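# Reading the structure
Chain by chain, the residues run as shown.
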Amino acid sequence: MSLLIKNGEIVTADGRMHADVYCEGETITRIGAALEAPPDATVVDASGKYVFPGFIDPHVHVHLPFMGTFAKDTHASASQAALVGGTTTFIEMCAPSRGDDLLEGYEAWKGMADGQSACDYAFHMAVPRFDERAAEQLREVVGDGTTSFKVFLAYKDFFGVYDDELFGALSLARELGVITTAHTENADLVAKLQQKLLAEGKTGPEWHEPSRPVRVEADGVHHFATFLEATGARGYVVHLSCEAALEAAIAARRRGVSLAIEVVAPHLLLDASYAERPDFEGAKYVMSPPLRTKADARSLWHALEAGLIDTVGTDHAPFDFAGQKDMGRDDFTRIPNGIPGIEERVKLLYTYGVSRGSLDLHRFVASASTNAAKLFGLFPRKGAIAVGADADLVVWDPAQRSTIRAANQAMPVDYSGFEGFEIDGRADMVSVRGVVQVEDGRFTGEAGRGQLLRRDPVDG
């Protein structure tokens, strides 16, 4: 099994060159000019196109119990949609609730993915409670190669942890050398604001954002950073949505806190007006933290361009508008949170960041691939084009033009949060460990090709 990609321009987080890439088995074995391949090799002509390392989505929900329902995806559907968009690895949130056995939950999430995914995958392990039994089980999870935790400072009594539990979880993370990702909102303030709004008869999706204003998120970031500082643990803020939260994260970094920052595609490209659309259409855009102002989105873009934001993910959480989102028609707190996006992230970031914006092409690769690989123990196996790296490669045609339509998407959900967005470029060819999985922008590969990626802790 061999693959030769010829005549393309290789672009990584820190360099670019015109060269061929030759892959034998599952890895890259040669990079150079005018490489030869055996007659039975798969040969891809990348003339006039970029060759990127496979992209990594660090924040995905595939199996997600939420608001009495479940996200629409399977690992088969999510992975194939990911690949069509150029993503060759995703990290799923394994999210048992407070009342679940953590180890049983972990094994269940692994079981649902096993043999089903077309791309490689890993997990962040949620910590919905922390006690002696949870600590024992988390040690087993880390020993199995899942070396990142997830804590929720929201959704108290379901996913969320209390402060003593947060301290315990971060102390264990520091001991084990794993990074902790965090949903950072003040749960008590959110609950009080929700109650107040509902009591005033404000029940529509347009009231979701006022129930979780920017200061609530900024307070959550500050709170998380304070606990990181007290424990010496490494942290990562997921789906940071606004300038106030960004300022809190940067302030923590300035005082020495080890804190990485993730933004997600909806917060870069959508704003609160989408959730205010009439006839309950706004429910399609309910996510937490909520969509913010255009000014907040501009601040995030500027920070991304400056290298202050580390990664761009999706928080992919697909719920149908009909039959799921409309559970909250009379109460916005019952709308399942999430916007589907695993298929569109790279296309949107390239189009509105690189092609039509000011995002450097190398920073594009870093934020959509390499930085996640480094933060979560996958580099240089993933996120790189180098001899010895996995042959996860994307041949990107910048000349392609398209428009996002729900009717054409691979994701099994009845709407697109980005309906009508114009797109520059396309992932023409995508390989996973040397096997071509996407050709001419369509999935043509092996449904069970993906593997669970077991990782070691990352120092520093």
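See the structure shown above.
Residues numbered from 1 in each chain as written. Predicted model: local features only at pLDDT ≥ 70, side-chain atom pairs only at ≥ 80, totals over all residues. Heavy atoms only, no water.

### Brief notes about the overall build of the protein chain
Each helix and strand counted, the protein chain has twelve helices and 19 strands in total. The C-alpha radius of gyration computed for the protein chain amounts to 21 Å, which stays within 12% of the reference 23 Å derived for 460 residues, consistent with globular compactness. Projected onto its principal axes, the C-alpha coordinates of the protein chain cover approximately 70 × 50 × 40 Å. In the protein chain, which comprises 460 residues, the share counted as buried stands at 62%. Considering only residue pairs separated by 6 or more positions, the protein chain has 76% of its internal contacts joining residues 24 or more positions apart. When the accessible surface of the protein chain is totalled, it reaches about 16,200 Å², and 48% of it is carbon and sulfur. For the protein chain, the separation between the mean place of its 45 positive charges and that of its 66 negative charges on side chains is 3 Å. (Helix = DSSP H or I, 4+ residues; strand = E, 2+ residues; numbered from the N terminus. Rg over C-alpha atoms; globule rule 2.2 N^0.38 Å. Buried < 20%, exposed > 50% of the residue type's maximum accessible area, 1.4 Å probe, protein only. Contact = heavy atoms within 4.5 Å. Areas by Shrake-Rupley, 256 points an atom, 1.4 Å probe, with all protein chains shown as cover. Lys, Arg positive; Asp, Glu negative; His and termini not counted. Charge placed at Lys NZ, Arg CZ, Asp CG, Glu CD.)

### With respect to the sheet that holds strand β10 (residues 120-126)
Sheet architecture is open: eight strands sit in the order β6-β9-β10-β11-β12-β13-β14-β15, paired in parallel fashion. Edge positions in the sheet fall to β6 (55-60) and β15 (311-313), since each has one partner strand and no second. When the angles between neighbouring strand axes are averaged without regard to direction, this sheet yields 30°. With four bridges joining them, strand β12 (residues 179-183) and strand β13 (residues 234-237) adopt parallel strand pairing. In the strand pairing of β13, Thr 181 is matched with Tyr 236. (Pairing = 2+ DSSP bridges. Axes fitted to C-alpha atoms, helices over the stretch in contact; angles between N-to-C directions.)

### Describing the environment of Gln 324
Examined against the element boundaries, Gln 324 turns out to sit in the loop between β15 and α11 (345-355). Take Gln 324: its relative accessible area is 7%, and that puts it in the buried class. Taking the C-alpha atoms as reference points, Gln 324 and Gly 204, 120 residues apart in sequence, are found 15 Å from one another. Beyond its immediate chain neighbours, meaning those up to four positions away, Gln 324 contacts Thr 69, Phe 70, Lys 72, Pro 318, Phe 319 and Pro 336. At 2.8 Å, the side chain of Gln 324 forms a polar contact with the side chain of Thr 69. (Polar contact = N/O pair within 3.5 Å; in protein donor to acceptor, adjacent residues only side chain to side chain.)

### Brief notes about the nonpolar core
Ranked by internal contacts, the top residues of the largest apolar core, which has 121 residues, are Phe 52 and Phe 364. Of the residues forming this core, the biggest block, seven residues, is contributed by helix α7 (residues 243-254). What Phe 364 contacts, discounting residues up to four positions off in sequence, is Phe 52, Phe 55, Val 346, Leu 349, Tyr 350, Val 354 and Leu 359. With 17 residues, the next largest nonpolar core counts Ile 5, Ile 10, Val 21 and Ala 391 among its residues. (Core = buried A, V, L, I, M, F, W, Y, C linked by side-chain atoms within 4.5 Å.)

### As for the packing of helix α4 (residues 163-176) against helix α6 (residues 214-231)
Where α4 contacts α6, the axes come no closer than 9 Å and their chain directions differ by 50°. Taken as axis vectors, α4 and α6 run oblique relative to one another. Crossing of α4 over α6 shows right-handed handedness. Here Asp 163, Leu 166, Phe 167, Leu 170, Ser 171 and Arg 174 of α4 lie close against α6, whose contacting residues are His 223, Phe 224, Phe 227, Leu 228, Ala 230 and Thr 231. Among the residues making up the contact of α4 with α6, the classes are represented as seven nonpolar, three polar and two charged. (Parallel < 35°, antiparallel > 145°, perpendicular 65-115°, else oblique. Left-handed = near helix turned anticlockwise from the far one by under 90°. Nonpolar A, V, L, I, M, F, W, Y, C, P; charged D, E, K, R; others polar.)

### Things to note about helix α5 (residues 187-199)
Residues that lie three or four places apart on an α-helix share one face, since the helix turns once every 3.6 residues. Under the 1.5 Å per step criterion, the end-to-end length of α5 is 18 Å for 13 residues, consistent within 8% with the ideal 18 Å. Within the sequence span of α5, burial applies to Ala 187, Val 190, Gln 194 and Leu 197. The arc that holds the buried residues of α5, viewed along the axis, is 95°, so those residues lie on one side. Those residues of α5 that are exposed and angled more than 90 degrees off the buried face are Lys 192 and Ala 199. Here the buried face of α5 lies against α6. Looking at where α5 begins, the residue whose side-chain oxygen comes 3.2 Å from the main-chain nitrogen of Asp 188 is Asn 186. Trailing α5 by a residue or two, Gly 201 shows a phi angle of about 80°, which is positive. (Expected span 1.5 Å × (residues − 1). Arc of directions from axis to C-beta.)

### Examining the packing of aromatic side chains
Scanning all chains against the criterion turns up 19 aromatic pairs. Aromatic rings pair up to connect Tyr 50, Phe 52, Phe 55, Tyr 350, Phe 364 and Trp 396 into one cluster. The ring of Phe 321 has Lys 284 lying over it, and the distance from NZ or CZ to the ring centre is 4.9 Å. (Phe/Tyr/Trp six-rings, centres within 6.5 Å; stacked < 30°, edge-to-face > 60°. Lys NZ or Arg CZ within 6 Å of the ring centre and 35° of its normal.)

### Quick look at the side chain of His 239
Residue position: His 239 is located in the loop between β13 and α7. With relative accessibility at 2%, the residue His 239 sits in the buried group.

### Re the side chain of His 208
Here His 208 lies in the loop between α5 and α6. Among the residues examined, His 208 registers a relative accessible area of 4% and is labelled buried. A polar contact of 2.7 Å, which involves the side chain of His 208, links it to the backbone oxygen of Met 287. Residues in contact with His 208, not counting those within four places in the same chain, are Val 286, Met 287, Ser 288, Pro 290, Phe 332 and Asn 337.

### Concerning the environment of Gln 400
In this structure, Gln 400 sits in strand β16 (residues 393-403). Exposure remark for Gln 400: the relative accessible area of 27% places this residue in the partly exposed category. Between the alpha carbons of Gln 400 and Ile 423 there is a distance of 8.2 Å; along the sequence they are 23 residues apart. Dropping the residues within four chain positions of it, Gln 400 is found in contact with Ile 423, Asp 424, Gly 425, Arg 426 and Asp 428.

### Digging into the pattern of salt bridges
Evaluated as defined, the whole model comprises 35 salt bridges. With a shortest N-O distance of 2.7 Å, Lys 72 and Asp 320 are connected by a salt bridge. Taken together, the residues span a long stretch of sequence, with Lys 72 in the loop between β8 (69-70) and α1 (75-84) and Asp 320 in the loop between β15 and α11 at a distance of 248 residues. Lys 72 gets classed as partly exposed once you look at its relative accessible area, which sits at 32%. The salt bridge involving Arg 212 is made with Glu 185; its shortest N-O contact spans 2.9 Å. Of this pair, Arg 212 sits in the loop between α5 and α6 while Glu 185 sits in the loop between β12 and α5, and the two are 27 residues apart along the sequence. Neither residue differs from the other here; Arg 212 and Glu 185 are each classed as buried. (Salt bridge = Lys/Arg side-chain N within 4 Å of Asp/Glu carboxyl O.)

So yeah, pure geometry; function would need other evidence.
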